[in-house]
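Next come the chains, spelled out residue by residue.
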Amino acid sequence: MKKDISKIFIKKYETKFDNDFFVLNKAWIEESWILEESDKKDLLNPDKIIHNGGQVFFALENQKVIGTVAMINSSDDRFELAKMTVQEDFRGKGIANMLMDECLKFAKENKANEIFLISNDSLTIARNLYDKYGFKEVDLDSQKYDRGNVKMRLTLD
């Protein structure tokens, strides 16, 4: 069945979405890896991301969460884009683009100069998204995730 994305909208964090944030991210991570302690730290405490100056966005269809992404405040002018996922049967419909657009808007509104992310080179669809938005690969200087073998950065104007 074809999905109509015109009925999908992006919403900022609300505590009622905490379980969805955990469940969606756990599902995609466990498609290829094991859930790490650093994952659990973020996934079980999304309110902490907000309290530290970040934001979590949710893609919803008919009030059901089908995608999510976090912008984790790293410093006064840097955010980490993390925990981006879309429910499997909604992938390939442009929802990740909608989430990314919201992240860029958020970063600019918060006067960020840079967004970075840690990924894995086996995630080719994600890599294509990051390339499309102008992220560039840089030296990996983080051990936050065992599975992370690529760091990318986007410099904002």
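Coordinates for the structure precede this section.
These remarks concern the structure in this document. (Residues numbered from 1 in each chain as written. Predicted model: local features only at pLDDT ≥ 70, side-chain atom pairs only at ≥ 80, totals over all residues. Heavy atoms only, no water.)

On to helix H1 (residues 18-29). Along its 12 residues, H1 runs 17 Å from first to last C-alpha, staying within 8% of the 16 Å computed at 1.5 Å per residue. Every buried residue of H1 is listed here: Phe21, Leu24, Asn25, Trp28 and Ile29. The buried residues of H1 occupy one face: seen down the axis, they fall within an arc of 125°. Packing partners of the buried residues in H1 comprise helix H2 (37-43), helix H3 (46-51), strand E2 (55-61), strand E3 (64-75) and strand E4 (78-86). (Helix = DSSP H or I, 4+ residues; strand = E, 2+ residues; numbered from the N terminus. Expected span 1.5 Å × (residues − 1). Buried < 20%, exposed > 50% of the residue type's maximum accessible area, 1.4 Å probe, protein only. Arc of directions from axis to C-beta. Contact = heavy atoms within 4.5 Å.)

Right, let's get into the nonpolar core. Membership of the largest hydrophobic core comes to 29 residues, with the highest contact counts inside it found for Met71, Leu81, Met100 and Phe135. Among the elements of the structure, E2, E3, E4, helix H4 (95-109), strand E5 (114-119), helix H5 (124-132) and strand E7 (150-155) are those that each provide at least two residues to this core. Sort the elements by how many residues they give to this core and H4 lands first, with seven residues. Excluding its chain neighbours within four sequence positions, the residues that come into contact with Leu81 are Val69, Ala70, Met71, Met100, Cys103, Ile115, Phe116, Leu117 and Tyr130. Tyr13, Leu43, Phe58 and Leu60 belong to the second-largest nonpolar core, a separate cluster that totals 18 residues. (Core = buried A, V, L, I, M, F, W, Y, C linked by side-chain atoms within 4.5 Å.)

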